[in-house]
Amino acid sequence: MSTTCSPAGARAPRQIDVCNGDADGLCAVLQWRLDAPADAELITGLKRDIALLERVQACAGDEVLVCDLSMQRNRAALLRLLAAGVRVRYFDHHMVRAVPRHPGLEAHLDFAPDACSSLLVDRHLHGRWRAWALVGAYGDNLRGVADAMAASYGLDPTRRERLRRLGEAINYNAYGEDERDVSIAPARLYPIMARYRDPLDFLDGETIAARLDAERRADLDRARALRPHRDDARAGVWLLPDAAWSRRVIGTFANELAFEQPRRAHAVLRQTASGDFTVSVRAPLDAASGANILCARFGGTGRAAAAGIDRLPQAALGRFLDAFAAMRWGRARR
């Protein structure tokens, strides 16, 4: 892609924010903009809209903030922007084989299973917008980490529970084939969130949060009514039909299973209209690594504790299930 750029000094530098449309991505950008207000353009999308840097048209001197997007999947677009003289600040927790060395890149990366982009921004900003960071962490299924941080932050159990449900509802809203599947597009949800310095005030002031939470619970009930495809002491596999509710709930359902059964691995698959499968994998929370390694073998991506495959061919289903059953997950936490 190319864009027409004015001569140096002929225009004010633009600021562009790019993030995944889930709770972690939105809350990471929101913390940054609460701390450094700017009339920034937002580029975001649904959970599986990963290659978002391809959409960025920027010129020398422009600044791009990237949160919660795989650098591996966006490498070519990142190099294009850096070569054009764009300054890029990058917060992410997805594994990348090699980080480009460039004076225009400021990278804040952490691949630990208990890291997420919202917590990386929180660390960089010294906790100034900690409540929104907690929403992002809860949405990324880091309940233990978020609970401990919330307690040290002075939040009582009732407020912690409200933030948890908000994070999980925002995260749920990012799943779908396209924006027709979700209640509100992430790009429309973000400016509503951005009106509030405190997410508890957002919960009190907006009806959208309660609506998303109710829809999430209803979709989870549909998923729980199904019988597992495979089920043993080490792992569980669920096959969901192709429907709007299953497209929305696949990641949320995988997160719930992981939290409820932390010693087991979980794979939730949804068959698409073409007959292929979309896959969400969760490593056991008590041995939270290996999900990205498994999914990468089938063209997927993600992080150590949670990863996915956008398109698993129907012919590869048996191989995937065998590989999932044989997987040796990470060392259990002490």
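To keep things clear, this report deals only with the structure shown in the data block. (Residues numbered from 1 in each chain as written. Predicted model: local features only at pLDDT ≥ 70, side-chain atom pairs only at ≥ 80, totals over all residues. Heavy atoms only, no water.)

Examining the sheet that holds strand E1 (residues 15-19)
Two modes of strand pairing occur in sheets, parallel and antiparallel, and in both the strands are linked by backbone hydrogen bonds. Rules: One bridge is not enough; two strands pair if DSSP finds at least two bridges between them. Each helix is a run of H or I in the DSSP string that is no shorter than four residues. Each strand is a run of E no shorter than two, and both are numbered from the N terminus. Axis definition: a line fitted to C-alpha atoms, limited for helices to the stretch in contact. Angles are taken between N-to-C directions and run from 0 to 180 degrees. Should any heavy atoms of two residues lie within 4.5 Å, those residues are counted as being in contact.
The five strands lie next to each other as E2-E1-E3-E4-E5, forming an open sheet whose pairing is parallel. For this open sheet the edge positions go to strand E2 (41-43) and strand E5 (105-109), each flanked by a neighbour on one side alone. Averaged over neighbouring strand pairs, the angle between their axes works out to 15 degrees when direction is ignored. Both strand E4 (residues 87-92) and E5 contribute to a ladder of five bridges, which runs parallel. Counterpart to Tyr90 in the pairing with E5 is Ala107. In the packing of helix H1 (residues 23-35) onto the sheet, the strands contacted are E1, strand E3 (63-67) and E4, and the crossing angle to E1 comes to about 155 degrees. In the packing of helix H3 (residues 117-124) onto the sheet, the strands contacted are E3, E4 and E5, and the crossing angle to E4 comes to about 115 degrees.

Concerning the packing of aromatic side chains
The test is simple: Stacked, edge-to-face and tilted labels apply to pairs of Phe, Tyr and Trp rings (six-membered ring for Trp) whose centres lie within 6.5 Å, assigned for plane angles under 30 degrees, over 60, and everything in between, in that order. For each residue, the accessible area found with a 1.4 Å probe, counting protein chains only, is set against the maximum for its type, and the residue is called buried under 20%, exposed over 50%, and partly exposed in between. The criterion for a charge sitting over a ring is simple: Lys NZ or Arg CZ within 6 Å of the ring centre, and within 35 degrees of the ring normal.
Here the structure, examined in full by the defined rule, presents seven aromatic pairs. Ring geometry for Tyr196 versus Phe202: centroids 5.8 Å apart, planes at 70 degrees, classification edge-to-face. Classification of Tyr196 as buried rests on a relative accessible area of 17%. Aromatic side chains Phe320 and Phe324 sit 6.1 Å apart centroid to centroid with 15 degrees between the ring planes, which places their arrangement in the stacked category. Within this pair, Phe320 and its partner Phe324 are both found in helix H12 (residues 317-326), separated by four residues, close to a single helical turn. Chaining the aromatic ring pairs together yields one cluster made of Phe298, Phe320, Phe324 and Trp329. In this arrangement the basic side chain of Arg143 is found over the ring face of Phe259, its NZ or CZ atom lying 3.7 Å from the centre.

Brief notes about the environment of Phe320
Relative accessible area serves as the criterion here: at 0%, Phe320 is assigned to the buried category. Along the chain, Phe320 and Phe298 lie 22 residues apart, while their C-alpha atoms are 7.6 Å from each other. Contacts of Phe320, omitting those with residues within four sequence positions, involve Ala267, Leu269, Val279, Val281, Leu294, Phe298, Ile309 and Leu312.

Brief notes about helix H9 (residues 208-224)
Convention followed: Take the number of residues in a helix, subtract one, and multiply by 1.5 Å to get its expected span. It is the directions from the helix axis to the C-beta atoms that the arc portrays.
The end-to-end C-alpha distance of H9 is 24 Å, a good match for the 24 Å that 17 residues give at a rise of 1.5 Å each. Where H9 is concerned, the buried positions are Ile208, Ala209, Leu212, Asp213, Arg216, Asp219, Leu220 and Ala223. Each buried residue of H9 sits inside an arc of 135 degrees when the element is viewed along its axis, so together they form one side. Residues of H9 that are exposed and point over 90 degrees away from its buried face: Ala210 and Asp221. Each element contacted by the buried residues of H9 is listed here: helix H6 (157-172), helix H7 (186-193), helix H8 (199-205), strand E7 (235-240) and helix H10 (244-260).

Topic: the nonpolar core
Here is the rule: Buried Ala, Val, Leu, Ile, Met, Phe, Trp, Tyr and Cys residues form a nonpolar core when they are joined through side-chain atoms within 4.5 Å.
In this structure, Cys67, Trp132, Leu134, Ile170, Leu189, Met193 and Phe202 are the most contacted members of the largest nonpolar core, which totals 44 residues. If you tally residues by element for this core, the top one is H1, at eight residues. For Ile170, the residues in contact, after removing those within four places along its chain, are Asp22, Ala23, Leu26, Val135, Leu189 and Met193.

Keep in mind these numbers describe shape, not what the thing actually does.
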